[in-house]
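# Results of the structural survey
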Amino acid sequence: MSRFLESPITRWGLLALAVVLFAIGNLPWHLDDFDQAKQAFTSFEMVECGNWFYQHTPNWWVATKPPLVGWMSAAIFGATRSWELAWRLPSFLSAIALVLLVFRASSVYGLIAALTAACALSFNLFALRLASLVRTDMPLALIIFAIGWLIWEKIRTERAWTRRDRIILFLLLSAGMLIKGPIVYAFLLPGLVVFEWRRRKLGTPASTWSGWMPWLLSFLVFILWTAGGILFVPEFTEHVVLREFAGRFSEAVHRSQPIYFYIPHLLGRFAPWSLLLIAFALVAVRTRERLSPETFWLVAWSLGGLLVMSFVPSKRIDRIFPIVPPFCLLLATFAGRLQEKENLRVIVERCCAGVIVLAAFFTSGYAAQKIAAANREQRDAFAVFGRAVVKETGEHHWRYGVVGGEEEGMLLYVRRTQFLEPTEAAANWNAGKLDALVVPDDEIEGLIPQLQGDPKKWLTSGRAGRSAKRYFLLVR
């Protein structure tokens, strides 16, 4: 069994499978769910309108996330001229980098433990969903893991913090702040507090604390961005400060969930790895395995983040993903320690091998079923229609606009920066400023009588997924 797990063919084959699943997990690509259109619009507005620090949603609310991931997408678009790649590569590349970092970190416990940890991060429903989604969750998880790993290395090697380490920590924290704000602290500071309390109580030398400067300076970066928005962007205070950040702690603004909300989702979506981790932990306790400082840090880091996020009333499943990588490293720790025991080595290796094969087959089958269902339901119908609109209007040099606003992705599919009200669209059409209009079916009957000439339905979209709407391209 160890020969199979330590084989380079096994290692590279599983990595290749993970990369393929990351790439295809959300096919066919579209922007009609999980607020993908809002995130995609930030980089689109940067390039089209030059708004590099403060952006909007497709319906022209102030965008609620800091701009770093948008900057990344804008840079990728500049290099590739493809918006589909620009929007999805930040999450995809972050997922691959995260797997490689977890493998490297856990390799101190041996190849089998490292492979188990990397597969735990690759073959679960969290990663499959987020790896190519147009969201900030995967880049944020990468940054948080890099910070936690840096602290873990300091504890494991008992080395003091250097100026270079503090600069790296500051840069990572600042990146986290510019991805999703102070939520970075919620995943790290509780574990740091618990670890430092235990360290001082036991008098152990390994310290996690780098000093206040990297933490305060990185928070200052976020404060400067926030202050600029408050001073220079209308409605920033209402949409971002009060609704997005402060509103997370208010049941009146966002949908509240019970305190235990994340537990069953974590056990289910991280299965079978969650069950293997619990089993290894119980065996370690029964064999009186000593909890080393670096292992205690992993426990404090992951459970501290879970506890704090559970107390925030506003909850969504994907927000808990940053605790999955430290759980993977903790799994490697238990696997490596238990492997050292002669009477447990074979059973640990068999358990790891069995769960790796089971998880790889399950996630592959789940991805295939998910893609088949999405194609059967034509969930990308609006995206296909948008590409056809861009092609037809480009070939005929038509000037066109979009009426609507409910399907926010439509604005991005047809490469426009704002929706038009029906009266505004009719006025521009009648004034000769527009040659074509993209219109949803619930607006078309009221709009056509307002349009001069004889508008024709040039293209018609299918119904995307569960949406009951269709879209039409009207031309003169």
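Here is a short report on the structure shown in this document. Note that the structure is predicted; figures quoted are calculated from it, not measured.

About the thresholds
Residues numbered from 1 in each chain as written. Predicted model: local features only at pLDDT ≥ 70, side-chain atom pairs only at ≥ 80, totals over all residues. Heavy atoms only, no water. Helix = DSSP H or I, 4+ residues; strand = E, 2+ residues; numbered from the N terminus. Buried < 20%, exposed > 50% of the residue type's maximum accessible area, 1.4 Å probe, protein only. Contact = heavy atoms within 4.5 Å. 1 Å grid on protein atoms, 1.4 Å probe; cavity = no way out; pocket = protein on both sides within 12 Å on 5 of 7 lines; lining within 4 Å. Points joined across faces, edges and corners; volume = space filled by probe spheres on them. Nonpolar A, V, L, I, M, F, W, Y, C, P; charged D, E, K, R; others polar.

## A closer look at unusual backbone geometry
Here the amide bond leading from Leu 27 into Pro 28 is cis, since omega sits at -10°, within 30 degrees of zero. Put simply, Ala 271 and Pro 272 share a cis peptide bond, and its omega is 0°. For Pro 272, the position within the fold is in the loop between helix 13 (262-269) and helix 14 (273-286). A positive phi angle, close to 55°, is found at Gln 378, a residue other than glycine. Within the secondary structure, Gln 378 sits in the loop between helix 17 (345-376) and helix 18 (381-396). Note on Gln 378: relative accessible area 46%, which makes it partly exposed. A positive phi angle is found at Arg 415, which is not glycine, with a value near 60°. For Arg 415, the position within the fold is in the loop between helix 19 (409-413) and helix 20 (422-430). Using a relative accessible area of 27% as the deciding quantity, one classes Arg 415 as partly exposed.

## Details of the environment of Phe 92
Positionally, Phe 92 belongs in helix 5 (residues 83-106). Judged by its relative accessible area of 16%, Phe 92 is buried. Considered as a pair, Phe 92 and Leu 130 are 38 residues apart in the sequence and their alpha carbons are 8.3 Å apart. Look past the residues within four positions of Phe 92 in its chain and what remains in contact with it is Val 19, Phe 22, Ala 23 and Ala 131.

## A short note on the layout of surface pockets
When its volume is computed, the second largest pocket comes out at roughly 680 Å³. What lines the second largest pocket is a set of 28 residues, among which His 30, Asp 33, Phe 34, Lys 370 and Arg 379 lie closest to the centre. Put simply, the parts of the chain that give the lining of the second largest pocket at least two residues each are helix 7 (125-130) and helix 17. Considering every element that reaches the lining of the second largest pocket, the biggest residue donor is helix 17, with 4 residues. For the lining of the second largest pocket, the per-class residue count stands at 12 nonpolar, 6 polar and 10 charged.

## A short note on empty space enclosed by the protein
A full pass over the atoms with the stated rule returns 4 cavities of 30 Å³ or more. When its volume is computed, the largest cavity comes out at roughly 50 Å³. Around the largest cavity, the lining is made up of 13 residues, and of these Gln 39, Val 69, Ser 73, Trp 87 and Val 134 lie nearest the centre. Sorting the residues of the lining of the largest cavity by element identifies helix 3 (36-49), helix 4 (68-80) and helix 5 as the ones contributing at least two each. Considering every element that reaches the lining of the largest cavity, the biggest residue donor is helix 3, with 4 residues.

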